[in-house]
Amino acid sequence: MRKLFLTITFLVCSSFASLADGIVSQIVSAPIFANGTVRDIPSGINIYLQNDNAQGLDFMNPDVIGYGIPPGGSLEVEMVSGFERDLNIPLDGKSLLLTVGAPQQGLPEKAGGHVISQGDNEFTFVIKPTDVDGMNPIKLESPAKGVAFDQVQQRGIKIIHIGRHFAFISRGDKGVVEVRFKDKSGNVIVRGRGELEFLEKPRPQIFPTNITHDQRNHNWQRLKPGQIVGVAKGTRPMPFLLFDENQGTGNIGIFGAGVLSTQQLQELSYVMPPELARFNGGLIVKDRNGDGFLNPTIDIILGGIYNEAPQGADGYQVVTPLVKEKPFLSKATGEFNKRAGENLGGSIMQVVYIAGDKPGLYRTTFTLLERLGDIASPDGSSVTYTVVVE
């Protein structure tokens, strides 16, 4: 009985209902590479975890505790198929990073109390605790400076990031990855498997990021009805890392981009064309003529916004913040963080969110068109932020 209790406690310190398969909710491109999931290019991926009580994006709620590793146990990540190994790159803490939430707040080996090495085959990572007491998820917090200012701190393993150093290359149509938590006897406690379709060619990308504000968590921010995320005390604007269509491993940004809410479009007397009618929250637009303002009839339409809100809620919208009475449009990453600009490139766009009049979860999905500027284009890359109105 004691062994079972310890196992459940170290895996998920919440009312974990059963030790069933399916702890992988999705596999997506790592949010620091323009082409992390393009076929025949080095693989940069993020494996999102979940549990029985918190599925999908709900597992990223900081009120939900992530995974840990029991004493003497281990975590295995196997690149099952669709990946070619580069044997010149070791499977270690430079090619895999555990994170405690999204946007990813890193949990490097020393801070997390673990060591990463190659497993029984050249396609498997093994993560083992360095402490005899294992890795208690309650104590697993990122050492990033901004974490101390988060409204609720993320704890426990929630995302596995592969591709800091590129040990794998994506090959074929899709990749399959399996995640296994084991006890000290080597028995699998929980596992999950996911697959990812590789892109045939590069496309523009939008990612969540915490490069701004010393890696604070900008997702799942909390505020009162009618308040503004990015203005209300304890909140910060929601940032995005933008990459234009890139070749190879380059990261070129999208500059001069911002958003116009549905309400702002109406004020501009803009009639949404049928091709864009699916975007109920507004549009993502790039300044074309350099005047520093956004006008969808003149400027380039990059994508749109999907809003989800509690039933009957009103007044919510996402807008570009103003600085000196002009929209604060996307700028080079290096203007926010010099080191990140040198290492990642790209650009960063920030938005603020006006909360609705009812408590509950508000979700906003920001989606780029697969072909920027072509309103007939299907949806491409997207990212979702959740706001909690209390």
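Above this text you will find the structure in question.
All values derive from a computational prediction rather than experimental measurement.

A.B. asks: Explain the sheet that holds strand β12 (residues 188-197) to me, please; I cannot follow it from the model alone.
C.D. replies: Taken in spatial order, the five strands of this open sheet run β7-β8-β3-β11-β12, and their pairing is antiparallel. Strand pairing shows two members of the sheet lacking a second neighbour, β7 (114-118) and β12, which therefore form its edges. The sheet shows a mean angle of 15 degrees between the axes of neighbouring strands, taken without regard to direction.

A.B. asks: Explain the side chain of T365 to me, please; I cannot follow it from the model alone.
C.D. replies: Within the secondary structure layout, T365 lies in strand β25 (residues 360-369). Owing to a relative accessible area of 14%, T365 belongs among the buried residues under this scheme. The residues touching T365, leaving out its near neighbours within four places in the chain, are G304, I305, Y306, S382, V383 and T384.

A.B. asks: Mind showing me how you'd approach empty space enclosed by the protein here?
C.D. replies: A water-sized probe rolled over the atoms picks out the places where empty space is left. One pass over the structure, following the stated rule, counts two cavities of 30 Å³ or more. Size it by volume and the largest cavity reaches roughly 80 Å³. Looking at the largest cavity, it is lined by 13 residues, and the ones nearest its centre are D150, Q151, N217, N219 and Q221. Looking at side-chain class alone, the lining of the largest cavity contains three nonpolar, six polar and four charged residues. In this structure, the second largest cavity spans a volume of roughly 60 Å³. Lining the second largest cavity, in full, are F33, A34, N35, G36, I41, P42, F166, G248, T249 and N251. A class-by-class count of the residues in the lining of the second largest cavity yields five nonpolar, five polar and no charged.

A.B. asks: Looking at this model, I keep getting lost on the packing of aromatic side chains. Mind explaining?
C.D. replies: Geometry of an aromatic ring pair is reported as the spacing of the ring centres plus the angle between the planes. In total, this model carries 14 aromatic pairs according to the counting rule given. Judged by centre distance (5.1 Å) and plane angle (85 degrees), the ring pair of F240 and Y385 falls under edge-to-face. In this pair, F240 sits in strand β16 (residues 238-243) while Y385 sits in strand β26 (residues 379-389), placing the two residues 145 residues apart along the sequence. Comparing F240 with Y385, the two get one shared label, buried.

A.B. asks: I tried to follow unusual backbone geometry on my own but got confused; where do I start?
C.D. replies: If a residue is not glycine, its phi is most likely negative; likewise, a peptide bond is most likely trans. Cis geometry is adopted by the peptide bond preceding P103, which originates at A102 and carries an omega value of 0 degrees. By the secondary structure assignment, P103 is in the loop between β5 (96-99) and β6 (106-107). Notably, S269 is not glycine yet its phi reads approximately 60 degrees, a positive angle. With respect to the element layout, S269 can be found in the loop between α3 (262-267) and β18 (282-286). In this structure S269 comes out as exposed when scored by relative accessible area, which is 61%.

A.B. asks: What should I look at first to understand the pattern of salt bridges in this one?
C.D. replies: A pair can form between side chains of opposite charge whenever their charged atoms are brought close. Inspection of the entire model under this criterion finds 18 salt bridges. Note that E78 and R180 form a salt bridge whose closest N and O atoms lie 3.0 Å from each other. Taken as a pair, E78 in strand β3 (residues 74-81) and R180 in strand β11 (residues 174-182) lie far apart in primary sequence, 102 residues in all. For D374, the salt bridge goes to R371, with nearest N and O atoms at 3.0 Å. A residue is classified by how much of its surface remains accessible, and D374, at 28% relative accessible area, is partly exposed. R371 gets classed as partly exposed once you look at its relative accessible area, which sits at 38%. Taken together, the salt bridges that share partners define one network made up of E76, E78, E178, R180, K182, R191 and R193.

A.B. asks: What is the right way to look at the sheet that holds β6 in this model?
C.D. replies: Remark on secondary structure: sheet strands pair via backbone hydrogen bonds, oriented parallel or antiparallel. Read across the open sheet, the five strands follow the order β1-β2-β9-β5-β6; overall the sheet is antiparallel. Each edge of the open sheet carries a strand with a single partner, namely β1 (24-29) and β6. Bridge count between strand β2 (residues 45-49) and strand β9 (residues 159-162): four bridges; the pairing is antiparallel. Each bridged residue has a counterpart across the sheet, and for N46 the counterpart in β9 is H161.

A.B. asks: Would you explain the environment of N51 in this entry?
C.D. replies: Within the secondary structure layout, N51 lies in the loop between β2 and β3. Within polar-contact distance, the side chain of N51 engages the backbone nitrogen of A54 at 2.6 Å.

A.B. asks: How do you make sense of the layout of surface pockets when you look at a structure like this?
C.D. replies: Volume-wise, the largest pocket comes out at about 1,200 Å³. The leading source of residues in the lining of the largest pocket is helix α4 (residues 338-344), at four residues. Taken together, the residues that form the lining of the largest pocket break down as 14 nonpolar, 15 polar and five charged. A volume near 660 Å³ is recorded for the second largest pocket. Along the wall of the second largest pocket there are 33 residues; nearest its centre are Q26, V28, S29, F207 and S382. For the lining of the second largest pocket, the secondary-structure elements that each account for two or more residues are β1, β2, β12, β13 (205-208) and β26. The biggest single contributor to the lining of the second largest pocket is β26, with six residues. Of the residues contributing to the lining of the second largest pocket, the split by class is 17 nonpolar, twelve polar and four charged.

A.B. asks: Explain the pairing of β5 to me, please; I cannot follow it from the model alone.
C.D. replies: On any regular strand, side chains alternate: one points to one face of the sheet, the next to the other face. Side chains L96 and L98 of β5 all project onto a buried face; the interleaved residues L97 and T99 project onto the opposite face, where all are buried too. Across two bridges, the pairing between β5 and β6 is antiparallel. For T99, the partnering residue across the bridge sits in β6 and is G106. If you look at the hairpin formed by β5 and β6, you'll find six residues sitting between the two strands.

So, how was this worked out
Residues numbered from 1 in each chain as written. Predicted model: local features only at pLDDT ≥ 70, side-chain atom pairs only at ≥ 80, totals over all residues. Heavy atoms only, no water. Pairing = 2+ DSSP bridges. Helix = DSSP H or I, 4+ residues; strand = E, 2+ residues; numbered from the N terminus. Axes fitted to C-alpha atoms, helices over the stretch in contact; angles between N-to-C directions. Buried < 20%, exposed > 50% of the residue type's maximum accessible area, 1.4 Å probe, protein only. Contact = heavy atoms within 4.5 Å. 1 Å grid on protein atoms, 1.4 Å probe; cavity = no way out; pocket = protein on both sides within 12 Å on 5 of 7 lines; lining within 4 Å. Points joined across faces, edges and corners; volume = space filled by probe spheres on them. Nonpolar A, V, L, I, M, F, W, Y, C, P; charged D, E, K, R; others polar. Phe/Tyr/Trp six-rings, centres within 6.5 Å; stacked < 30°, edge-to-face > 60°. Salt bridge = Lys/Arg side-chain N within 4 Å of Asp/Glu carboxyl O. Polar contact = N/O pair within 3.5 Å; in protein donor to acceptor, adjacent residues only side chain to side chain.

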